[in-house]
Amino acid sequence: MKKRYLPFGYQITDGKTTIVQEEAEAVQYIFEEYTAGKSLRKIAENMTARKTPYHEDSSKWNRTW
């Protein structure tokens, strides 16, 4: 599994940090779910079910990510 060096939602493009739109939408979803009272475990399960990739080689989410 490839290790992330940038926070989820960002990438380097032409030497500059830029936003990854699909990941930014996932971050917004996670924030909304968390502030609505969902547990980290449930949010991770939902992210896995939505098949939102966290790593290039996996769509499985963990509550500690």
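All values reported here derive from a predicted model rather than from experimental measurement.

Below, the discussion takes up helix H1 (residues 21-35). Its 15 residues give H1 an end-to-end C-alpha distance of 21 Å, which sits within 8% of 21 Å, the value for a rise of 1.5 Å per residue. Along H1, the residues classified as buried are Glu23, Ala26, Tyr29 and Glu33. Axial view of H1: buried residues confined to an arc of 115°, hence all on one face. In H1, the exposed positions angled more than 90 degrees off the buried face are occupied by Gln21, Phe31 and Thr35.

With that settled, consider the nonpolar core. If you look at the biggest cluster of nonpolar residues, it comprises 8 residues: Phe8, Ala26, Tyr29, Ile43, Ala44, Met47, Tyr54 and Trp61. Looking at which element gives the most residues to this core, the answer is helix H2 (residues 40-49), with 3 residues. In contact with Phe8, other than residues within four places in its own chain, are Glu23, Ala26, Val27, Thr52, Pro53, Tyr54 and Trp61.

Rules of the game
Residues numbered from 1 in each chain as written. Predicted model: local features only at pLDDT ≥ 70, side-chain atom pairs only at ≥ 80, totals over all residues. Heavy atoms only, no water. Helix = DSSP H or I, 4+ residues; strand = E, 2+ residues; numbered from the N terminus. Expected span 1.5 Å × (residues − 1). Buried < 20%, exposed > 50% of the residue type's maximum accessible area, 1.4 Å probe, protein only. Arc of directions from axis to C-beta. Core = buried A, V, L, I, M, F, W, Y, C linked by side-chain atoms within 4.5 Å. Contact = heavy atoms within 4.5 Å.

None of this, on its own, says anything about what the molecule does.
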